[in-house]
Every structure is written in C-alpha cells, then in structure tokens.
Amino acid sequence: MRILINFQNSLVPVYFNIDNKQPIQRTLKLLTSALENKFRNGKQALQKCLNSLISIEIEGSEAILHSKSEFDSLALSLY
C-alpha cells in the first residue's frame, strides 16, 4: 500500500504492507514526528539522507529511508 506524506514541502511516498499490526494513522504519526525530530536534531549523515529523501518503506517497526544516493539510505526505528 502507498500513501503520500508532506515532508519539508515535498510529497514523499510511504510504502507498507497491509499486514502491519499497528494502525496506519498511528504509524504515520510516529513516522512524521520522528522525521521532524531527526531533521531538527539529527546528525549530519541523517540530515543528508533527509535532504535527498525520495521514498520511505515501513517494515515492522522500522522505516527504511531511501534517498537519491543509495549510500545515504538509512533505517530509522519508529518504536
């Protein structure tokens, strides 16, 4: 399943399976708050990934952040 979220004035697709045990709205709320927090307070490598973010994939309790450069892609724990 795919949903678009607004992050730093751009639409970013978020992909996850329907089998996820957490409600979709709760997962998206955790994701957006974690992204905003990491954008403000994260280390340079994480901020570099967020600046070139192209998509997010939710797998269980982790969000895989895909950026334009595959070397900048990271995993972020939501819980």
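Here the structure is shown first, and the text comes after it.
Cut-off values and rules
Residues numbered from 1 in each chain as written. Predicted model: local features only at pLDDT ≥ 70, side-chain atom pairs only at ≥ 80, totals over all residues. Heavy atoms only, no water. Helix = DSSP H or I, 4+ residues; strand = E, 2+ residues; numbered from the N terminus. Rg over C-alpha atoms; globule rule 2.2 N^0.38 Å. Buried < 20%, exposed > 50% of the residue type's maximum accessible area, 1.4 Å probe, protein only. Contact = heavy atoms within 4.5 Å. Pairing = 2+ DSSP bridges. Axes fitted to C-alpha atoms, helices over the stretch in contact; angles between N-to-C directions. Salt bridge = Lys/Arg side-chain N within 4 Å of Asp/Glu carboxyl O. Polar contact = N/O pair within 3.5 Å; in protein donor to acceptor, adjacent residues only side chain to side chain.

## Re the overall build of the protein chain
If you tally the helices and strands in the protein chain, you get two helices and five strands. Taken from the N to the C terminus, the helices and strands of the protein chain come in the order β-β-α-α-β-β-β. Relative to the globule expectation of 12 Å for 79 residues, the C-alpha radius of gyration of the protein chain, 12 Å, shows essentially globular dimensions. In terms of principal-axis extent, the alpha carbons of the protein chain reach across some 35 × 20 × 20 Å. Looking at the protein chain as a whole, 34% of its 79 residues qualify as buried. Here the contacts in the protein chain between residues at least 6 apart in sequence split such that 39% fall between residues at least 24 apart.

## Side note on the sheet that holds strand β4 (residues 62-67)
The five strands lie next to each other as β1-β2-β3-β4-β5, forming an open sheet whose pairing is mixed. The open sheet has two edge strands with one neighbour each: β1 (2-7) and β5 (74-77). Neighbour to neighbour, the strand axes of the sheet diverge by 30° on average, direction disregarded. Inspection of the sheet shows β1 paired to strand β2 (residues 10-15) by six bridges, in the antiparallel sense.

## Description of the pattern of salt bridges
Counted according to the given criterion, the structure contains one salt bridge. For the salt bridge of Asp 72 with Lys 48, the shortest nitrogen-to-oxygen distance reads 3.9 Å. Residue Asp 72 is found in the loop between β4 and β5, and its partner Lys 48 is found in helix α2 (residues 44-51); the two are separated by 24 residues along the sequence. For Asp 72, a relative accessible area of 16% puts it in the buried group.

## A short note on the side chain of Ser 67
In this structure, Ser 67 sits in strand β4. Engagement of the side chain of Ser 67 in a polar contact is seen with the backbone oxygen of Ser 69, the distance being 2.7 Å.

None of this, on its own, says anything about what the molecule does.
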